[in-house]
Amino acid sequence: MIRLLIVDDDAMVRAGLSMILGGAEDIMIVAEAGDGSEVPPLVAEHRPDVVLMDIRMPGVDGLTATEALRGTSAPPEVVVLTTFHADAQVLRALRAGAAGFLLKDIAPGDLVQAIRKVAAGEPILSPAVTRQLITHVSDGAAGDRTSRARKLLGRLSEREREVALAVGQGRSNAEIARELYMSVPTVKAHVSRILSKLGLNNRVQVALLVYDAGT
C-alpha cells in the first residue's frame, strides 16, 4: 500500500486529488495539508511514502517544504504540482531532490500511474524533459554549478562516468546496457553507486549534474 500525503492550498483541488487517488486500491491517503508549514509534522506522524506537493502556496511554499523534507533522514519521495512546464521553482525543486513534477491538468489515470512509479523509485521526469526545462529557466549561478558538477563527476570511475553521461542523455537502463556492453543489473548497480558517491537522490539529479558540467 502506497501511503500518500496531499499538499495544496486549494481545498477543491485537494478534494479532487483525494477522489482520484483514493479510488486506487493500492494508494492510501494518510493526510492532507493546505500549507507547507504543516508538512513536517504530518510526515513525522504519518510516514507517507510519497508527498504530492503544490509548489505555489501563500504561506510556506512547496519549494521550501521540499527542500526541508529532502534534508531529513529517510525522507518521502516528493512530486511537485505546477501549472507551468518551465518554471524556476520547479527546477529548484528537482535540484533539491524532488522525484519529478506533474502538471495540474494531468489525466486521472496518468496521475495514479505517476504516484505508483514514484513509490517504486522511478522518477517521473525524463532527462530529456529536464533539459528542456533547464533551457527555459536559470537561477543565475551557472558558473558555480559548472565547477561543482565537474568536481563531483571527477569522483566517479571511468565506467561510472560513462553510465552517468548516458543517464544524462536520457538513456534507459536497457539502452545503457546495450551501448556499454553490460547487463541491466550491472547498470543498476552502477547507478546506485553513482547516487551514493555523489550524494544524489535520483536519476533526474544525475541528469541535472551532467548538464551543469557541460558534458
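The structure contained in this document is the topic of the report that follows.

Rules behind the numbers
- Residues numbered from 1 in each chain as written.
- Predicted model: local features only at pLDDT ≥ 70, side-chain atom pairs only at ≥ 80, totals over all residues.
- Heavy atoms only, no water.
- Helix = DSSP H or I, 4+ residues; strand = E, 2+ residues; numbered from the N terminus.
- Rg over C-alpha atoms; globule rule 2.2 N^0.38 Å.
- Buried < 20%, exposed > 50% of the residue type's maximum accessible area, 1.4 Å probe, protein only.
- Contact = heavy atoms within 4.5 Å.
- Areas by Shrake-Rupley, 256 points an atom, 1.4 Å probe, with all protein chains shown as cover.
- Lys, Arg positive; Asp, Glu negative; His and termini not counted.
- Charge placed at Lys NZ, Arg CZ, Asp CG, Glu CD.
- Pairing = 2+ DSSP bridges.
- Axes fitted to C-alpha atoms, helices over the stretch in contact; angles between N-to-C directions.

Looking now at the overall build of the protein. Scanning the protein from terminus to terminus reveals eleven helices and five strands. Radius of gyration (C-alpha) of the protein: 17 Å, near the 17 Å computed for a compact globule of 215 residues. Across its three principal directions, the C-alpha atoms of the protein cover 50 × 40 × 30 Å. Within the protein, buried positions represent 47% of all 215 residues. Counting contacts in the protein only where the partners sit at least 6 residues apart, residues at least 24 apart contribute 67% of the total. As displayed, the protein has an accessible area near 10200 Å², and 52% of this comes from carbon and sulfur atoms. Across the protein, the mean location of the 24 positive side-chain charges is 10 Å away from that of the 26 negative side-chain charges.

This brings us to the sheet that holds strand β1 (residues 2-7). Where strands meet in a sheet, backbone hydrogen bonds hold them as pairs that are either parallel or antiparallel. One open sheet accounts for five strands, arranged β2-β1-β3-β4-β5; its pairing is parallel. In this open sheet, the two edge strands, each paired with only one partner strand, are β2 (27-33) and β5 (100-103). Put simply, the sheet's adjacent strands are angled 25° from each other on average, direction ignored.

This part is about the environment of Tyr-211. When you line up the elements, Tyr-211 lands in helix α11 (residues 203-213). Spatially, the C-alpha atoms of Tyr-211 and Arg-145 are 9.7 Å apart, while their sequence positions differ by 66 residues. What Tyr-211 contacts, discounting residues up to four positions off in sequence, is Arg-131, Ile-134 and Thr-135.

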